[in-house]
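Residues per chain are reported as follows:
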Amino acid sequence: MAAMRTVRRLIAGGVALAAAGWALRDVPAELGVRPLTSGEDRASRIRRSPQFRDGAFVNPMPEQTRVGAPSPALLRELMKDRESRRPAGPIPLRTPAAGDLSPTGLNVVWYGHASTLVEIEGRRVLFDPVWSGRVSPTPFVGPLRHHPVPVAIEEVPKLDAIVISHDHYDHLDLSTVRRLTRISKAPFLVPLGIGAHLERWGVPLYRIIELDWEEEANVAGLRFVSTAARHFSGRSLTRNDTLWGSWVVAGSRRKVFYAGDSGYFEGYAKIGADHGPFDLTLMPIGAYSPSWPDIHMNPEEAVNAHVNLGGSLLLPVHWATFTLALHPWSEPVDRLWREAKARDVKIVVPRPGELVDTASAPAVDAWWQAVQS
């Protein structure tokens, strides 16, 4: 009997180890590729970039834009008020209604966090798609999703372009990229260096468009311009070997600006002067902290950037879906609404999955307050 129990324990242990190994099989791929080792054509472009110095991409701002090791005070804060950093109840979701695309219109669907679908002049552009339940290189640790994605990735309408802002896990997701590679024929537009990750993950080279800041490409009748941001990159301990950025998407009449992840910087005024004004800006408002003021905007800075850009309608992203900072879950959108009213800035705060026609954007109804009540 004892021998049988030993055999069962050994079998159970073997099964557990096999399951763990299976779950961790993608970790090496998740960590990505060092772009300078991925081919001479890409390496030459990187070395020629004005943003690349001393072996890494850099921000043009004079401040140091770094995230260091967590301080003891920060670690203590992490243990306090943890419940306030997640929603108190279910987040209401919507399923966007299918319909014909307007050849002149501009619609938007926010799926959660930064993942956003823009329908502009009869074309569909998907920004930073992340459909995974956790943003991490492993399935065991890392921030968990607070709400389901409103639609399965297979139910997203036919895409004309997929746009990535940078290579952090909450913006560039291996599983989602692989699924989109199978079910869609749309090209990926990415900052310089990120194409190395995509190639390793099975995206054909002809579907990868890599751009440095102020380079542009025309796809499906739309003009895409890679523009500056104040952030950093990296999927492992190596930092800043791929570029980060924001994006301009312009049709013949409509223009959209997507900020990606960024701290506030004076360059927004230049982007607005060179490429604006914008019918819609997608601005990050969450995951800010005094510990990293240079790499993530707070809500008031997001409003200020929107004004600098010459934006008409502001839709907030980068909040609600994952806990990535110490502020309460609903604080970013409360602060945004207050600042927008004070500065007479028009905003729209849709529920995840809600289709918004920018020509008739609904008034803010503070749905998130019901979640917290």
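Predicted model only: the values in this text are computed from it and were never measured. Here the residue numbers are simple positions, counted from 1 along each chain's written sequence. Where totals are concerned, whole chains, interfaces and linings use all residues; where local detail is concerned, this predicted model gives features only for residues with pLDDT of at least 70, and gives and counts side-chain atom pairs only at 80 or more. The basis for every side-chain value is the complete set of heavy atoms in the structure, and neither hydrogens nor water enter the calculation.

With respect to helix α8 (residues 299–309)
Summary of the burial criterion: residues with accessible area below 20% of their type's maximum are buried, those above 50% are exposed, and those between are partly exposed, where the area comes from a 1.4 Å probe applied to protein chains only. Only DSSP runs of H or I reaching four residues or more are called helices, and only runs of E reaching two or more are called strands; each is numbered from the N terminus. Along α8, the residues classified as buried are Pro299, Ala302, Val303, Ala305, His306 and Leu309. For α8, the angular spread of buried residues about the axis comes to 160 degrees, placing them on one side. Contacts: residue pairs with any heavy atoms within 4.5 Å of one another. Buried-residue contacts for α8 involve β12 (255–258), α7 (267–275), β13 (278–284), β14 (311–317) and α9 (331–343). Gly310 sits one or two positions beyond α8 and adopts a positive phi of about 75 degrees. Directions drawn from the helix axis to the C-beta atoms are what define this arc.

Describing the sheet that holds strand β9 (residues 216–219)
Spatially, β9-β10-β11-β12-β13-β14-β15 is the arrangement adopted by the 7 strands of the open sheet, whose pairing is mixed. Every interior strand has two partners, whereas the edge strands, β9 and β15 (346–347), have only one. A pair of strands is considered paired only if DSSP assigns at least 2 bridges between the two. One ladder, built from 4 bridges, connects β9 with strand β10 (residues 222–227); its direction is antiparallel. Within the sheet, the bridge partner assigned to Glu216 lies in β10 and is Val225.

Let's talk about the sheet that holds strand β4 (residues 115–120)
Across the sheet, which stays open at both edges, the 7 strands sit in the order β8-β7-β6-β5-β4-β3-β16 with mixed pairing between neighbours. Only two strands of the sheet have a single neighbouring strand rather than two, namely β8 (208–211) and β16 (355–357). The average angle at which neighbouring strand axes cross in this sheet is 20 degrees, direction not considered. Alignment of strand β6 (residues 161–163) against strand β7 (residues 188–191), held across 2 bridges, turns out to be parallel. Bridge pairing links Ile162 to Phe188 in β7. Each axis is a line fitted through C-alpha atoms, and for a helix only the stretch in contact is used; angles between axes span 0 to 180 degrees, taken between their N-to-C directions.

A few points about the side chain of His318
Residue position: His318 is located in the loop between β14 and α9. Assessed through its relative accessible area of 2%, His318 is described here as buried. A polar side-chain atom of His318 sits 3.4 Å from a polar atom in the side chain of His171. Two N or O atoms form a polar contact when they lie within 3.5 Å of each other; inside protein one atom must be a possible hydrogen donor and the other a possible acceptor, and for residues adjacent in sequence the pair counts only when both atoms belong to side chains. For His318, the side chain forms a polar contact with the side chain of Asp261, separated by 2.9 Å. Ignoring sequence-local partners within four residues, the contact set of His318 consists of His113, Ala114, Asp170, His171, Asp261, Pro284, Ile285, Gly286, Ala287, His296 and Leu324.

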